[in-house]
Amino acid sequence: MIEIDEELCKGCGICVDFCPLKVFETSDKINSRGYYPPLPVKEKDCVGCRLCELLCPEFSIIIINE
Amino acid sequence: MPEGLDRKEVAEKRRHRLFKYLRKEVLPTAFCPGCGCGIVLNCYAHPVDELQLDPNDIVAVTGIGCSSWIPSPYFLRDTLHTTHGRPIPFATGVKIMQPEKTVVVIAGDGDLIGIGGNHLIHAARRNVDIKVFLVNNLIYGMTGGQLAPTTPLGISTTTSPHGNVEHPFEIAELIAAAGASYVARWTTYHVFPLMESMQMALTQKGFCFIEIRSQCPISYGRRVGKRTGSEALQEYKESSVRIEDATEMSPEELVGKIIIGKLVKREKEEFTDNLRKLNLELRTRKIGRGPEEWSLS
Ligand SMILES: Cc1ncc(C[n+]2csc(CCOP(=O)(O)OP(=O)(O)O)c2C)c(N)n1
Ligand code: SF4
Ligand code: SF4
Ligand code: SF4
Ligand SMILES: [Mg+2]
């Protein structure tokens, strides 16, 4: 399960580029700071590796495996 | 996920586990989008949580620079935000007077190797029990991209507009040679081994040093054609070589590569221990009675 705090996101795109299963796409909705957060469009494909959670510089993504 | 729990609630609980170590009122960070400093902060909060270290038992010490913002203001609890280049001497002082604390220094290459370089090599030589996490982005990031003693040959920066004519320090190798107890090098792409390495450093006695190659897309990346965090991480992913494999490679093959992994791990007498023992011995000799009887005098 992927939870994104869109307000913490700075739209750097790291999660979009590095998810090995290409789960994310960049949203076309802007957050209140003017950044485009990721959208987990293929959440079903997520294997819960947590790479996106740890590579996110802003604590924006939380992966819940249990 | 437990039945009936709202997913937002579960996420908040998980986030809260880390946020108890962070000043969440100052998040999102002031770092530029895609900056490696946020990844280092993220990776540091996890081992502290996993080792169940009481944040009250940690004193974080830092200097000046973007990287120096990782412990202060973002990491909650005691931090000494000292002047540029001086976190190591402050940290040494804390460890001497409060040996039960885990003393952690997180700062940048300009701070620790540039202006503070002498403190760094001598603390490694003395094997002071402090944990140093160097955020090496190869530049003075905060002040707009001036040449650092880590900037590779040939790179043009604000203060080397025609290209850098100096050789950079191979800092992890230097600190290993200077006598540290534990030395490793990772990048902000290698988050899992980096967290493991931080755990190792936080629990091993002596001077423990991790060089973390980290991206500064704004003051460095744009000068080398890597304007985003992702481009830098891609480079780290492609050009890193495990130290075990590097020993089999020729110097030519290693040009442009980042050697990652553990360089050194050894048991060694520690500076503040030795200092305390000597102090006790001299005082006992002078007073003529053991420490348990001192209060009577
Ligand atoms: C004594 C002193 N000299 C110079 C400065 C200006 N200064 C502030 S940050 C900095 C460089 C920081 O570089 P680094 O430690 O690599 O941190 P980064 O911003 O790259 O993370 C300099 C030179 C200062 N604050 N104090
Ligand atoms: S890595 Fe984090 S900050 Fe960057 S786009 Fe993804 S969620 Fe946003
Ligand atoms: S946990 Fe792994 S698979 Fe799932 S979204 Fe993150 S990076 Fe992709
Ligand atoms: S200037 Fe560089 S190091 Fe500083 S916050 Fe921006 S990207 Fe990060
Ligand atoms: Mg720097």
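Residues numbered from 1 in each chain as written. Chains lettered and ligands numbered in written order. Predicted model: local features only at pLDDT ≥ 70, side-chain atom pairs only at ≥ 80, totals over all residues. Heavy atoms only, no water.

Draft legend 1. Region of interest: the overall build of chain B. Of regular secondary structure, chain B possesses 11 helices and 8 strands. For 297 residues, the compact-globule estimate of 2.2 N^0.38 gives 19 Å, and chain B sits close to it at 21 Å. Counting only residues that meet the buried cut, chain B has 51% of its 297 residues in that class. Considering only contacts within chain B whose residues lie at least 6 apart along the sequence, 68% involve residues at least 24 apart. (Helix = DSSP H or I, 4+ residues; strand = E, 2+ residues; numbered from the N terminus. Rg over C-alpha atoms; globule rule 2.2 N^0.38 Å. Buried < 20%, exposed > 50% of the residue type's maximum accessible area, 1.4 Å probe, protein only. Contact = heavy atoms within 4.5 Å.)

Draft legend 2. Geometry of the pattern of salt bridges. Residues and elements named next belong to chain B. All told, the structure shown has 13 salt bridges over all chains when counted by the stated rule. One salt bridge in this structure joins Arg 213 and Glu 211, with 2.7 Å as the shortest N-O distance. Across the pair, Glu 211 and Arg 213 agree in class, each one buried. A salt bridge links Arg 276 to Asp 273; its shortest N-O distance comes to 3.1 Å. Within this pair, Arg 276 and its partner Asp 273 are both found in helix α11 (residues 271–287), separated by 3 residues, close to a single helical turn. Assessed through its relative accessible area of 30%, Arg 276 is described here as partly exposed. The partly exposed category is assigned to Asp 273, whose relative accessible area is 25%. Through salt bridges with shared partners, a single ionic network connects Glu 173, Arg 185, Glu 211 and Arg 213. (Salt bridge = Lys/Arg side-chain N within 4 Å of Asp/Glu carboxyl O.)

Draft legend 3. Region of the structure containing the site of ligand 4. Ligand 4 sits among Phe31(B), Cys32(B), Cys35(B), Cys66(B), Asn137(B), Gly141(B), Cys216(B), Pro217(B), Ile218(B) and Ser219(B). The residue inventory of the shell around ligand 4, partitioned by class, reads 7 nonpolar, 3 polar and no charged. (Near = heavy atom within 4 Å. Nonpolar A, V, L, I, M, F, W, Y, C, P; charged D, E, K, R; others polar.)

Draft legend 4. Looking closely at the interface of chain A and chain B. Across the contact, 32 residues belong to chain A and 34 residues belong to chain B. Summed over both partners, the interface of chain A with chain B comes to about 2900 Å²; 63% of that surface belongs to carbon and sulfur atoms. When the area that chain A buries against chain B is broken down by residue, the three leading residues are Phe18(A), Leu54(A) and Phe59(A), summing to 27%. At the surface where chain A touches chain B, the tally comes to 0 salt bridges. Linking chain A with chain B are 8 residue pairs in polar contact (both at pLDDT 80 or more). If you list the elements that add at least two residues to the side of chain A that touches chain B, you get β1 (2–4), α1 (14–18), α2 (51–55) and β4 (61–63) of chain A. Tallying contributions element by element places α2(A) first for the side of chain A that touches chain B, with 4 residues. (Buried area = accessible area lost by both parts, 1.4 Å probe. Polar contact = N/O pair within 3.5 Å; in protein donor to acceptor, adjacent residues only side chain to side chain.)

Draft legend 5. Here's a closer look at the pairing of strand β5 (residues 182–187) of chain B. Residue and element names in this part refer to chain B. Burial runs high along β5: 6 of the 6 residues are buried. Of the two faces of β5, the one carrying Tyr 182, Ala 184 and Trp 186 and the one carrying Val 183, Arg 185 and Thr 187 are both buried. Note that the unit made of β5, helix α8 (residues 191–203) and strand β6 (residues 208–213) has a crossover that is right-handed. Relative to strand β8 (residues 258–265), β5 runs antiparallel, the two being bridged by 4 bridges. Within β8, the residue paired with Ala 184 across the bridge is Lys 262. (Right-handed = clockwise from strand over helix to strand, strands pointing away. Pairing = 2+ DSSP bridges.)

Draft legend 6. Broad picture of the coordination of the magnesium ion (ligand 5). Residues and elements named next belong to chain B. Protein coordination of the magnesium ion (ligand 5) is provided by Asp 109 (OD), Asn 137 (OD1) and Ile 139 (O), with donor distances spanning 2.0 to 2.2 Å. Considered as a linear motif, the donors of the magnesium ion (ligand 5) on their single chain read D-x27-N-x1-I. One end of the pair, Asp 109, is in helix α5 (residues 109–115); the other, Ile 139, is in the loop between β4 (131–136) and α7 (171–178), and 30 residues separate them in sequence. In this pair, the class of Asp 109 matches that of Ile 139, namely buried. (Donors = N, O, S within 2.8 Å, 3.2 Å for Na, K, Ca; no water.)

Draft legend 7. How the structure looks around a nonpolar patch on the surface. Residues and elements named next belong to chain B. A cluster of nonpolar side chains, namely Ile 64, Trp 69 and Met 142, defines an oily patch on the protein surface of about 260 Å² accessible area. For Ile 64, the location among the structural elements is in the loop between β1 (58–62) and α3 (70–74). For Ile 64, a relative accessible area of 39% gives the class partly exposed. (Patch = residues over 30% accessible without salt bridge, like charges linked within 9 Å, V, L, I, M, F, W, Y side chains within 5 Å. Areas by Shrake-Rupley, 256 points an atom, 1.4 Å probe, with all protein chains shown as cover.)

Draft legend 8. Just α8(B), in detail. Across its 13 residues, α8(B) extends 18 Å between first and last C-alpha, which sits within 8% of the 18 Å expected from 1.5 Å per residue. Every buried residue of α8(B) is listed here: Val191(B), Pro193(B), Leu194(B), Met195(B), Ser197(B), Met198(B), Ala201(B) and Leu202(B). (Expected span 1.5 Å × (residues − 1).)

Draft legend 9. Here's a closer look at unusual backbone geometry. Cis geometry is adopted by the peptide bond preceding Pro28(B), which originates at Leu27(B) and carries an omega value of -5°. Summarising the element assignment, Pro28(B) is placed in the loop between α1 (7–19) and α2 (36–50). Across the junction of Ser72(B) and Pro73(B), the peptide omega takes the value 20°, indicating a cis bond. Position of Pro73(B) among the secondary structure elements: in helix α3. Even without being a glycine, Lys22(A) presents a positive backbone phi close to 50°. Along the chain, Lys22(A) falls in the loop between α1 and β2 (25–26).

Draft legend 10. Here's a closer look at the sheet that holds strand β3 (residues 102–108) of chain B. Residue and element names in this part refer to chain B. Across the sheet, which stays open at both edges, the 8 strands sit in the order β2-β1-β3-β4-β6-β5-β8-β7 with mixed pairing between neighbours. Bordering the open sheet on either side are β2 (79–81) and β7 (240–242), each of which pairs with just one other strand. Within this sheet the neighbouring strands show an average axis-to-axis angle of 20°, counted without direction. Against the sheet, α8 contacts β3, β4, β5, β6, β7 and β8, and its axis sits at roughly 160° relative to β5. (Axes fitted to C-alpha atoms, helices over the stretch in contact; angles between N-to-C directions.)

Draft legend 11. Expanded view of the site of ligand 1. Residues and elements named next belong to chain B. Lining the immediate environment of ligand 1, one finds 16 residues, of which Ser 67, Asp 109, Gly 110, Asp 111 and Gly 141 sit closest. The side chain of Asp 109 places a nitrogen or oxygen atom 2.7 Å from an oxygen atom of ligand 1. One nitrogen or oxygen atom from the main chain of Met 142 is found 2.8 Å from an oxygen atom belonging to ligand 1. Considering each element in turn, the shell around ligand 1 owes the most residues, 4 residues, to α5. For the shell around ligand 1, the class distribution of residues is 6 nonpolar, 8 polar and 2 charged.

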